[in-house]
Amino acid sequence: MTRTSGPATEDLLIVGAGGFARETAQAVRDTVAADLAGGRAPRWRLAGHLDDDPALQGRDVDGVEVLGGCDLVHSRPGTRVVVCVGSPRDYAVRARLVRRLGLPESRYATVVHPTAVVSGSSVLGAGSVLLAHCVLTAAVRLGSHVAVMPHAVLTHDDRVGDFATLASGVRLGGGVRLGRGAYVGAGALVREYTTVGAWSLTGMGSTVLADVPPGEVWAGSPARRLREAGGPALEELRAEVLETGRRPETRMGSTTR
C-alpha cells in the first residue's frame, strides 16, 4: 500500500495508568491502525504512561511502559501530552494535575477514537479525549481536558466546560450546559436546555429533568439532590468563587478546533 502524505507522527505521553488512561491508550492504538489501513502516516507514536504511583513505575500496562512519575513531562518538551485520571470518587484530580504540571496549552493533544462521530460544526478543546462510538451531532463545544466515554451522545448546541466527564452511555439533549468539572454518571439522560452545574455529580442511570446546582450530587429518575459533592470537588468550586466573585454554573473554558 502506498502511504499518502499527511501530518507528521507525534510522540504522545499519557499521564495516568488507570482505567481511563488504558482506554485512551487503546484509542491511540486504534487510531494508529486506522491511519495505517488508510495509507496515512500514523497520527501518534505512543511513548508511554506516566504515573506517580511507585508500584506502577517501570511496569508494562497492557503492553505500554509506565516510564516514571508525572513530572517527567518536563524532561520531554517535544512530546504531546494527555491527562487521563479521575473517577467518581475524585473527579477533580484531573484539574489539580493539569494545574500542577503547568504546561502550555500547545503541549496538550486531543485524542479522538476513529469510531467517534464529530460533526464539522463541533469544536474540541485541548487535552480532551473522545472514546469509541461517541457522537457529537451539531455545533457542540467541548472545553479543555474533557473526558467523553464510549457511546456518549451529545446533541445540537451542547456546551461542556473544562474538566467535565461524561461516562459511558450518557445522552445529552440539545442545548444542555455542563459546567466546569461536572461529572455525569454512566447511562444518565439529561433533558434538553438543562444546566448541570460546575463540579456537580450526577449518578449513573439518572434522568435529569431540572437544573442541577453547582457542587451537589443528584441521582434517581427523576434526579433529585442527595447531598453536597465530595471535598475535592467543593475545593475546586470554592476556588472558582474566590477567583470570579460569583458562584459558577456553566463557566466555559477556551476551545480549539
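Note that the coordinates shown come from a computational prediction; the quantities given were computed from them, not determined experimentally. (Residues numbered from 1 in each chain as written. Predicted model: local features only at pLDDT ≥ 70, side-chain atom pairs only at ≥ 80, totals over all residues. Heavy atoms only, no water.)

**Here's the deal with the sheet that holds strand β15 (residues 171-172)**
The strands that make up a sheet pair up through hydrogen bonds in the backbone, lying either parallel or antiparallel.
Then comes step 1: Spatial strand order, β7-β9-β12-β15-β18-β21: six strands in an open sheet with parallel pairing. Every interior strand has two partners, whereas the edge strands, β7 (117-118) and β21 (207-208), have only one.
Then comes step 2: Pairing of strand β18 (residues 189-190) with β21 involves two bridges; the strand directions are parallel. Note on β21: the bridge partner recorded for L189 is T207. (Pairing = 2+ DSSP bridges. Helix = DSSP H or I, 4+ residues; strand = E, 2+ residues; numbered from the N terminus.)

**Re the sheet that holds strand β10 (residues 141-142)**
Then comes step 1: The strand order across the open sheet built from four strands is β10-β13-β16-β19, with neighbouring strands paired in parallel fashion. The strands lining the two open edges of the sheet, one partner per strand, are β10 and β19 (195-196).
Then comes step 2: Relative to β19, strand β16 (residues 177-178) runs parallel, the two sharing two bridges. Counterpart to L178 in the pairing with β19 is V196.

**Some remarks on the confidence of the model for the protein**
Then comes step 1: Considering every residue of the protein, the mean pLDDT works out to 93; 93% of them sit at 70 or more.
Then comes step 2: Segment residues 250-257 is flagged for pLDDT under 50; beyond a separation of four residues in sequence, or across chains, it makes 31 contacts in the model. (pLDDT = per-residue confidence, 0-100. Contact = heavy atoms within 4.5 Å.)

**Observations concerning the state of the cysteines**
One way to say it: the disulfide is the covalent bond shared by the sulfur atoms of two cysteines.
Then comes step 1: Going through the model one piece at a time under the given rule, you end up with zero disulfides.
Then comes step 2: Its sulfur unpaired, C70 is 11 Å from the next cysteine sulfur, which belongs to C84. (Disulfide = S-S within 2.5 Å.)

**Observations concerning helix α3 (residues 231-244)**
Then comes step 1: Between its first and last C-alpha atoms α3 spans 20 Å; for 14 residues at 1.5 Å apiece the expected length is 20 Å, and the two agree.
Then comes step 2: On its buried face, α3 sits against α2 (93-101) and β23 (223-228). (Expected span 1.5 Å × (residues − 1).)

**With respect to the layout of surface pockets**
Then comes step 1: Space inside the largest pocket adds up to approximately 280 Å³.
Then comes step 2: Lining of the largest pocket is provided by 22 residues; of these, S87, P88, M149, A167 and Y183 occupy positions nearest its centre.
Then comes step 3: Only α1 (19-37) and β20 (201-202) provide two or more residues apiece to the lining of the largest pocket.
Then comes step 4: With three residues, the top contributor of residues to the lining of the largest pocket is α1.
Then comes step 5: In terms of residue class, the lining of the largest pocket is built from twelve nonpolar, eight polar and two charged. (1 Å grid on protein atoms, 1.4 Å probe; cavity = no way out; pocket = protein on both sides within 12 Å on 5 of 7 lines; lining within 4 Å. Points joined across faces, edges and corners; volume = space filled by probe spheres on them. Nonpolar A, V, L, I, M, F, W, Y, C, P; charged D, E, K, R; others polar.)

**A word on the packing of aromatic side chains**
Then comes step 1: Applying the stated criterion across every chain yields a total of one aromatic pair.
Then comes step 2: Taking NZ or CZ as reference, R43 lies 4.0 Å from the ring centre of W44, over its face. (Phe/Tyr/Trp six-rings, centres within 6.5 Å; stacked < 30°, edge-to-face > 60°. Lys NZ or Arg CZ within 6 Å of the ring centre and 35° of its normal.)

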